[in-house]
Amino acid sequence: MKILKRAGTVVLSVILWAIILIAALYAFTTMATRDNQNVANIFGYTPLTVQSDSMVPTFASGDLIFIKKCDPATLKEGDIICFHTIIDNEYALNTHRIQSIETVGDARSYTTVGDNNNGIADQHVISDGDIVGKYVGHLSGFGKVMDFLSSSTGFLIVIILPMMLFFIYQIYHLITISIRLKRALAVENARAEEIARMETAQKMMGQQPIPQMGRPMPPMAGGQGQPGAPMANQPAAGMPNENVNEGKAAAARSEAEQALAEAKRIKEEAEAIRAKAEAEQALAEAKRMKEEAEAIRAKAQAELEKAKGEKPDGKGAEQ
């Protein structure tokens, strides 16, 4: 039974870490959307979901592509790059193949084309500052998974509900431990009272006077004494009962010690759970502070754009 409980605890811990990782992935994919300055990345890599079939058969709509940050000077014709551009009068990210490169002094300009666009080049020529990175690979169909995680329904099903179930289980576990602790303390108190009562009874029995022997009578015929007179070597009446009570007291003390050990173990387990709950609270506080920082950054970005006389309103996904 204890092995099953430990295995259950390990499984729940693994589930908790999986939830945290999924939440982190969700937060990253939310941030990894284009703006007019930069794109978020992890160790130089940015995942993006493909929204069109302009690059079939290299990758298709619904695939998850990976873009690696690079030095534009290392790019050559035929490389697939992700870049900022304007599509339907809106800022967007696009990932197409370099068709040609033109160099004027130290400046380079790039003409791009989609593999599935029948050789028709993109309308806008891009420069080094527009390039996000170079395409390095993709996972077929995983973009749809990321889109689902980024949706309200996916976030609720994959992240919110598992976390709620985990916290409900933790609350149930705390309540169970509290009940067990109270029961152990009650048993301990009852046994302590029983031991005290037995010790009091033993003291009282030890203080009782031993019955006085009767005065000897003249011997009768046959050498026998007066009928009904007590024998000189007759043992005290309370000694067998004292031995029995001492055995019961020893057993009660052993049970009390076991109850104390169980209460100590339950207390330590409750302290561990409380420490875990405090750690989870600290994690929630850190997440809240991160969200506030992101909100401040977005507000500052909007004010900067307003000062420049621009108002970007782009999409957050790969075209």
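Position numbers for residues count from 1 along each chain, tracking the sequence in the order it is written. pLDDT decides what is reported in this predicted model: residues at 70 or higher carry local features, side-chain atom pairs at 80 or more are listed and counted, and totals for whole chains, interfaces and linings draw on all residues regardless. Derived side-chain values reflect all non-hydrogen atoms in the structure, with water molecules and hydrogen atoms excluded from consideration.

Enquirer: Before we go on, may I ask you to explain the overall build of the protein chain in this structure?
Expert: Numbering of helices and strands runs from the N terminus; a helix is a DSSP stretch of H or I covering at least four residues, while a strand is a stretch of E covering at least two. For the protein chain, the helix and strand inventory stands at 4 helices and 7 strands. Tracing the protein chain from N to C terminus, the helices and strands come up as α-β-β-β-β-β-β-β-α-α-α. Of the roughly 21,500 Å² of accessible surface on the protein chain, a fraction of 61% belongs to carbon and sulfur atoms. Here, Shrake-Rupley sampling with a 1.4 Å probe gives the accessible areas, and only protein chains in the shown set may cover a residue.

Enquirer: Sorry, what's going on with the sheet that holds strand β1 (residues 45-49) here?
Expert: By way of backbone hydrogen bonds, the strands of a sheet pair with one another, either parallel or antiparallel. Strand pairing is assigned whenever DSSP identifies at least 2 bridges connecting the two strands. Taken in spatial order, the 7 strands make up an open sheet running β1-β2-β7-β3-β4-β5-β6, and their pairing is antiparallel. Of all strands in the sheet, those with a lone pairing partner are β1 and β6 (126-127), marking the two edges. Here β1 runs beside strand β2 (residues 64-68); their pairing, made up of 5 bridges, is antiparallel. Counted as the bridge partner of T49 is L64 from β2.

Enquirer: Please clarify how the layout of surface pockets should be interpreted in this entry.
Expert: Take a probe with the size of a water molecule and roll it over the atoms, and the empty space left behind shows itself. Throughout, the protein atoms alone are placed on a 1 Å grid, and a set of points is a cavity if a 1.4 Å probe fits but cannot get out or a pocket if it is open with protein on both sides within 12 Å along at least five of seven lines; lining residues have an atom within 4 Å of a point. Grid points are joined across faces, edges and corners, and a volume is the space filled by probe spheres set on the points. Computed from the structure, the second largest pocket encloses a volume of approximately 640 Å³. Looking at the second largest pocket, it is lined by 22 residues, and the ones nearest its centre are K5, R6, T9, H173 and E269. Looking at the lining of the second largest pocket, the elements with two or more residues in it are α1 (2-31), α3 (152-207) and α4 (239-308). A total of 8 residues in the lining of the second largest pocket trace back to one element, the largest contributor, which is α1. Throughout, the ten residues Ala, Val, Leu, Ile, Met, Phe, Trp, Tyr, Cys and Pro are labelled nonpolar, Asp, Glu, Lys and Arg are labelled charged, and all others, Gly among them, are labelled polar. In the lining of the second largest pocket, the residues fall into 8 nonpolar, 6 polar and 8 charged.

Enquirer: Even after reading the chapter, I still don't get the pattern of salt bridges, so can you show me in this structure?
Expert: Opposite charge on two side chains lets them pair, provided their charged atoms get close. Basic side-chain nitrogens of Lys or Arg form a salt bridge, by our definition, when they fall within 4 Å of a carboxyl oxygen of Asp or Glu. Applying the stated criterion across every chain yields a total of 7 salt bridges. Taking the shortest distance from any N to any O, the salt bridge between D115 and R97 comes out at 2.8 Å. With D115 in the loop between β5 (107-113) and β6 and R97 in strand β4 (residues 90-104), this residue pair connects regions lying 18 residues apart in the sequence. Exposure is judged per residue with a 1.4 Å probe applied to protein chains only, and the accessible area is read against the type maximum: over 50% gives exposed, under 20% gives buried, and values in between give partly exposed. D115 sits in the partly exposed class, given a relative accessible area of 31%. Linking E292 and R288 is a salt bridge whose minimum nitrogen-to-oxygen distance equals 2.3 Å. Taken together, the positions of E292 and R288, both in helix α4 and 4 residues apart, correspond to about one turn of that helix.

Enquirer: Just checking my understanding: could you explain a nonpolar patch on the surface for this structure?
Expert: Residues form patches when they are more than 30% accessible in relative terms and have no salt bridge. Like charges link within 9 Å. Nonpolar side chains (Val, Leu, Ile, Met, Phe, Trp, Tyr) link within 5 Å. There is a patch of nonpolar side chains on the surface, built from F148, L156, I157, I160, L161, M164, L165 and I168 and spanning about 720 Å² of accessible area. You can see I168 is positioned in helix α3.

Enquirer: Sorry if this is basic, but what is going on with the side chain of S54 here?
Expert: Checked against the element boundaries, S54 lands in the loop between β1 and β2. A relative accessible area of 12% places S54 in the buried class. One polar contact links S54 to S52, side chain to side chain, over a distance of 3.4 Å. Only 2.9 Å separates the side chain of S54 from the side chain of H96, close enough to count as a polar contact. The criterion used for residue contact is that any of the two residues' heavy atoms lie within 4.5 Å. Leaving out residues up to four positions away in the same chain, S54 has contacts with H96, G114, D115, N116 and N117. Here a polar contact means two N or O atoms within 3.5 Å. Within protein one must be a hydrogen donor candidate and the other an acceptor candidate, and residues neighboring in sequence count only if both atoms are side-chain atoms.

Enquirer: In this structure, what is going on with the side chain of D63? I would like to understand it.
Expert: For D63, the location among the structural elements is in the loop between β1 and β2. One buried charged side chain, D63, makes no salt bridge at all; its nearest oppositely charged neighbour is K144, positioned 7.4 Å away. There is a polar contact of 2.8 Å between the side chain of D63 and the backbone nitrogen of A60. Setting aside residues no more than four positions away along its own chain, D63 makes contact with L48, T49, V50, H138, L139, S140, G141 and G143. For the purpose of counting charges, residues Lys and Arg are taken to be positive, whereas Asp and Glu are taken to be negative. His and the chain ends are not included.

Enquirer: Looking at this model, I keep getting lost on the confidence of the model for the protein chain. Mind explaining?
Expert: If pLDDT is low for a region, its predicted coordinates should not be looked at in detail. Averaged over all residues, the pLDDT of the protein chain equals 77, while 77% of them reach at least 70. Taken as a whole, residues 221-238 scores under 50 in pLDDT and shows 11 contacts with residues more than four places along the chain or in a different chain. Low pLDDT, under 50, characterises residues 311-317; the stretch is placed with 13 contacts to residues that sit more than four places away or in other chains. Values of pLDDT, which run from 0 to 100, indicate the predictor's confidence residue by residue.

Enquirer: Quick question: what am I supposed to make of the packing of aromatic side chains here?
Expert: Two aromatic rings are characterised by how far apart their centres lie and by the angle between their planes. A pair of aromatic rings is counted whenever rings of Phe, Tyr or Trp (Trp by its six-membered ring) have centres within 6.5 Å, and the orientation is called stacked for planes under 30 degrees apart, edge-to-face for over 60 and tilted otherwise. For the coordinates displayed, the defined rule picks out 1 aromatic pair. Geometrically, the ring pair formed by F59 and Y135 is tilted, given 5.1 Å between the ring centres and 45 degrees between the ring planes. Note that F59 is positioned in the loop between β1 and β2 and Y135 in strand β7 (residues 131-139), a separation of 76 residues in sequence. For the pair formed by F59 and Y135, the shared burial category is buried.

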